[in-house]
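Descriptive analysis of the structure
Each chain, letter by letter, is given below.
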Amino acid sequence: MATFVLIHGAGDVGWYWHLVAAELRARGHEAIAPDLPCDDDSAGLPEYVDTVVGAIGERTDLIVVAQSFGGFTAPLVCDRVAVELLVLVAPMIPAPGEAPADYWTHTRFSEEVRVRYDDTIALFYQDVPPELAAEALNRARTQSEARMGEPSPLGTWPDVPTRVLIGRDDRLFPAGFLRRITQERLGITPDEIDSGHTPALSRPRELVDRLQAYAAEQGLLGGH
């Protein structure tokens, strides 16, 4: 069975993945979801990567799954440890050397036609059960922006099979925007799920079905 390394998004915690992790474990896999130091002004992408690599330890047969801003950390993890598959969910997809603060300008995000939402639940959790959405807000942290202007250490995209899964109803990153960025930056067509921005909370079992299917396509699950 595989070890799934689950990387959360900005201002979040590993708890975001708890339903996915439980489902993966029920299917015989290992799952780890570390808390990144995202509220620490002294921490930048290198420290995020150190945290993930430290949580991996000596584990092998790694599948890295990253949510949203976790897309900046995930390819750097692939430069440090042997990863069999990289899956980006509702992601930010960095270009080599790109600072997170520059992502919005470089991707022409402001040109996207989209509905604006001032309410956090309406933007991120519109399809999440209310009690889970409330818990997610309670556990959220303030994302430090102190080092967002630093260029990413990413030199080139890692030589790791990469899949992208987007939500058709994502209100933060509209599906059309993510289709374009995935094609421009990775040269692939993303897969789609009926979800908003946070499918690990709204569609955990369906998300795990997708993750298992991706792993099986790479021959990572033996006879499964």
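A few points on the structure. Since the model is a prediction, treat every value here as computed from it, not as a measurement.

A few words on empty space enclosed by the protein. This structure, assessed with the given rule, holds 1 cavity of 30 Å³ or more. Size it by volume and the largest cavity reaches roughly 110 Å³. If you trace the largest cavity, you find 15 residues lining it, with Ala43, Gly44, Leu45, Arg147 and Met148 closest to the centre. Residue composition of the lining of the largest cavity, grouped by class: 9 nonpolar, 3 polar and 3 charged.

Let us look at the sheet that holds strand β6 (residues 191-193). The strand order across the open sheet built from 6 strands is β2-β1-β3-β4-β5-β6, with neighbouring strands paired in parallel fashion. Each of the sheet's edge strands pairs with one partner strand only, and the pair in question is β2 (30-32) and β6. Taking the axes of each pair of neighbouring strands and ignoring which way they run, one obtains an average angle of 20 degrees across the sheet. Looking at chain direction, strand β1 (residues 3-7) and β2 are connected through 3 bridges and run parallel. Paired with Thr3 across the bridge in β2 is Glu30. Each of β1 and β2 is contacted by helix α1 (residues 18-26), which is oriented at about 180 degrees to β1, the strand it contacts most.

A turn of α-helix holds 3.6 residues, and therefore any two residues three or four places apart point the same way. When we look at burial in helix α6 (residues 130-139), the residues that qualify are Leu132, Ala133 and Ala136. All buried residues of α6 lie within an arc of 100 degrees about the axis, which places them on one face of the element. Away from its buried face by more than 90 degrees, α6 exposes Pro130, Glu131 and Asn138. In this fold, the buried residues of α6 make contact with α1, α5 (120-124) and α8 (199-202).

Conventions and cut-offs
- Residues numbered from 1 in each chain as written.
- Predicted model: local features only at pLDDT ≥ 70, side-chain atom pairs only at ≥ 80, totals over all residues.
- Heavy atoms only, no water.
- 1 Å grid on protein atoms, 1.4 Å probe; cavity = no way out; pocket = protein on both sides within 12 Å on 5 of 7 lines; lining within 4 Å.
- Points joined across faces, edges and corners; volume = space filled by probe spheres on them.
- Nonpolar A, V, L, I, M, F, W, Y, C, P; charged D, E, K, R; others polar.
- Pairing = 2+ DSSP bridges.
- Helix = DSSP H or I, 4+ residues; strand = E, 2+ residues; numbered from the N terminus.
- Axes fitted to C-alpha atoms, helices over the stretch in contact; angles between N-to-C directions.
- Contact = heavy atoms within 4.5 Å.
- Buried < 20%, exposed > 50% of the residue type's maximum accessible area, 1.4 Å probe, protein only.
- Arc of directions from axis to C-beta.

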